[in-house]
Amino acid sequence: MKVLIKQVTIIDPTSSHNKTQQDILINNGFIENIHPNINESADMTIQETGLHISPGWIDVFAHLCDPGYEYKESLETGAFAAAAGGFTTVMVIPNTKPAIDNKAQAEYIFQKSKSLAVNIVPIGAVTKNTDGKELAEMYDMQNSGVSTFSDGLNSIQSAGLLIKALQYVKSFEGVIIQIPDDKSLVPHGLMNEGIVSTRLGLPGKPMMSEELVVARDIKLARYTGSKLHFTAVTSAKSLEYIRRGKEGGISVTCSVTPYHLFFCDEDLMDYDTNLKVNPPLRTRADMMSLRKAVEEGAVDCIATHHLPHEYDSKMLEFEYAKDGMIGLETAYCALKTVLPRMPEQRWVELLSLQPAAIFNLPINSIEMNKAVVLTIYQPNGNCIFTKQNIRSKSTNSPFLGKALKGRVAGILNGDKLLMNQ
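First, a word on what this report is: a plain description of the structure on this page. (Residues numbered from 1 in each chain as written. Predicted model: local features only at pLDDT ≥ 70, side-chain atom pairs only at ≥ 80, totals over all residues. Heavy atoms only, no water.)

### Observations concerning the sheet that holds strand 7 (residues 87-92)
Heads up, the condition is: Pairing between two strands is assigned when DSSP locates at least 2 bridges connecting them. A helix here means a DSSP run of H or I that spans at least four residues, while a strand means a run of E at least two residues long, and both kinds are numbered starting from the N terminus. Structural elements are reduced to axes, namely lines fitted to C-alpha atoms, with helices fitted over the stretch in contact, and the angle between N-to-C directions of any two is expressed from 0 to 180 degrees.
Ordered by their spatial adjacency, three strands build an open sheet running 6-7-8, and the pairing between neighbours is parallel. Sheet topology places strand 6 (57-62) and strand 8 (119-122) at the edges, where each strand pairs with a single neighbour. When strand polarity is set aside, the average angle formed by the axes of neighbouring strands in this sheet is 20 degrees. Note that strand 6 and strand 7 share four bridges and pair parallel. The partner of isoleucine 58 across the bridge, within strand 7, is threonine 89.

So, in structure tokens, the structure goes:
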């Protein structure tokens with residue numbers, strides 16, 4: 001299939017065409033020509049005002065619930081949701097049933113996702129069944145192509161287990177992902193500990209529960225010389241620890257979620273269960289410090305923490321509602337809304353180039369004769385997010401009805417093209 005994209009601005013620091021406006025002719029999954037004006041017939045021509053194109057975006061932490069929880073999401077519906085949000089690769093967490101804690105489960109993900117338009121990359125469990133008690137079959141999973149490991153939603157509490165896992169992955173340059181959360185501190189906390197939690201009468205979770213784990217795990221990464229990635233960082237103090245670790249030569253990186261940049265604990269005044277997440281939404285000051293950290297380069301990449309839930313898991317009392325929200329479809333627009341002046345090249349670094357470098361994933365530059373893995377989007381577009389925009393099987397999103405900046409037009413991954421209406 002031939003696809004011609006007309007007058008598109010290329011945002012790709014690895015390309016000789018970076019920041020130029022070009023026509024791009026794609027033939028059977030490869031870039032055949034890049035030129036300011038291509039007059040050639042094609043099976044499909046894409047031409048819209050203000051189109052930009054970049055190497056395909058990567059989400060480093062999402063739950064697609066397959067196998068075991070397909071009533072929340074499946075690999076197929078999750079891939080459609082990812083494509084709608086501009087993602088060509090999604091790294092899926094191992095909190096499935098059964099968990100991705102052995103070679104067979106990893107190969108199930110690889111094989112089942114081969115026909116999809118989005119690349120699905122399994123994150124292997126660090127411990128069996130992600131329960132934090134005994135190491136999983138990490139070496140066997142690595143032989144199947146898994147290079148990143150995490151217990152996903154379950155923060156690894158044991159320093160002894162984590163140090164063994166870090167030593168395991170060092171031999172093949174693997175990475176451990178950790179949600180920093182000391183569960184022994186206020187294990188029943190429902191939101192950020194502070195003035196708002198007191199007003200709402202909800203038990204709070206202190207920021208210290210994150211900072212303690214970040215400080216501890218950085219020391220473990222220094223001891224082992226292994227690669228460690230913190231996701232859903234919410235604390236300025238945590239970012240300071242990470243910065244100092246990097247300066248000390250430790251292989252530590254971090255990601256933040258779009259919703260921690262968009263919302264704060266004040267948004268919980270009406271007990272919206274779609275805003276019940278872990279780590280919880282922090283104060284407005286914390287939210288603004290996170291935004292500043294993204295602008296200043298202290299954050300390495302973005303993780304959507306896409307966590308689908310069916311109606312019955314969210315539409316009940318705040319105390320009993322499950323943590324999490326869907327986030328693949330709204331990620332870029334939420335980011336553009338809160339940081340509208342951020343250069344597009346910086347977004348491409350956060351969404352594409354840096355996650356690829358951290359997690360040993362391929363990046364195809366936008367050059368002639370290169371394979372195509374592309375995200376097509378409009379930075380100056382606008383949208384109102386509605387249920388009609390949702391491709392996920394679940395609809396637990398606090399962004400419904402909100403006016404957002406930016407628009408994702410679609411993705412092109414090899415010979416698979418998916419465009420949003």
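### Brief notes about the packing of aromatic side chains
Note on aromatic pairs: each is described by the distance of the centres and the angle between the planes. Here is the rule we go by: In this analysis, rings of Phe, Tyr and Trp, with Trp reduced to its six-membered ring, are considered paired at centre separations within 6.5 Å, and the interplanar angle assigns stacked below 30 degrees, edge-to-face beyond 60, and tilted for intermediate values. Only protein chains enter the area calculation, which uses a 1.4 Å probe; residues under 20% of their type maximum are buried, those over 50% are exposed, and those in between are partly exposed.
Per the counting criterion, the structure on display carries 10 aromatic pairs. Centroid distance tyrosine 69 to tyrosine 71: 6.3 Å. Interplanar angle 70 degrees. Geometry classified as edge-to-face. Judged by relative accessible area, tyrosine 71 falls into the partly exposed class, the value being 48%. Between phenylalanine 262 and phenylalanine 399 the ring centres are 4.9 Å apart and the planes differ by 75 degrees, which places this aromatic pair in the edge-to-face class. Here phenylalanine 399 lies in the loop between strand 16 (373-384) and strand 17 (403-413) and phenylalanine 262 lies in helix 8 (residues 258-262), a separation of 137 residues in the sequence. What makes phenylalanine 262 buried here is its relative accessible area of 16%.

### Description of the side chain of lysine 6
Inclusion rule: As used in this structure description, the phrase polar contact means that two N or O atoms lie within 3.5 Å; if the pair is within protein, one of them must be able to donate a hydrogen and the other to accept it, and residues adjacent in sequence are counted only when both atoms belong to side chains. The criterion used for residue contact is that any of the two residues' heavy atoms lie within 4.5 Å.
Here lysine 6 is to be found in strand 1 (residues 2-10). Of the polar contacts made by the side chain of lysine 6, one reaches the backbone oxygen of isoleucine 38; its length is 3.2 Å. Apart from the residues lying within four places of it in its own chain, the contact partners of lysine 6 are Gln22, Asp23, Asn37, Ile38, Asn39, Thr45, Ile46 and Gln47.

### What about the nonpolar core?
Inclusion rule: By nonpolar core is meant a set of buried Ala, Val, Leu, Ile, Met, Phe, Trp, Tyr and Cys residues that side-chain atoms within 4.5 Å join together.
Of all hydrophobic cores here, the largest spans 89 residues; its most connected members are Val90, Ile120, Phe149, Ile176, Phe230 and Val294. Contact partners of phenylalanine 149, with chain neighbours within four places excluded, come to Ile123, Gly124, Ala125, Val126, Met138, Met141, Gln142, Val169, Phe172, Val175, Ile176 and Ile177. In this structure, Ile34, Ile46, Ile53 and Ala409 belong to the second largest nonpolar core, which totals 18 residues.

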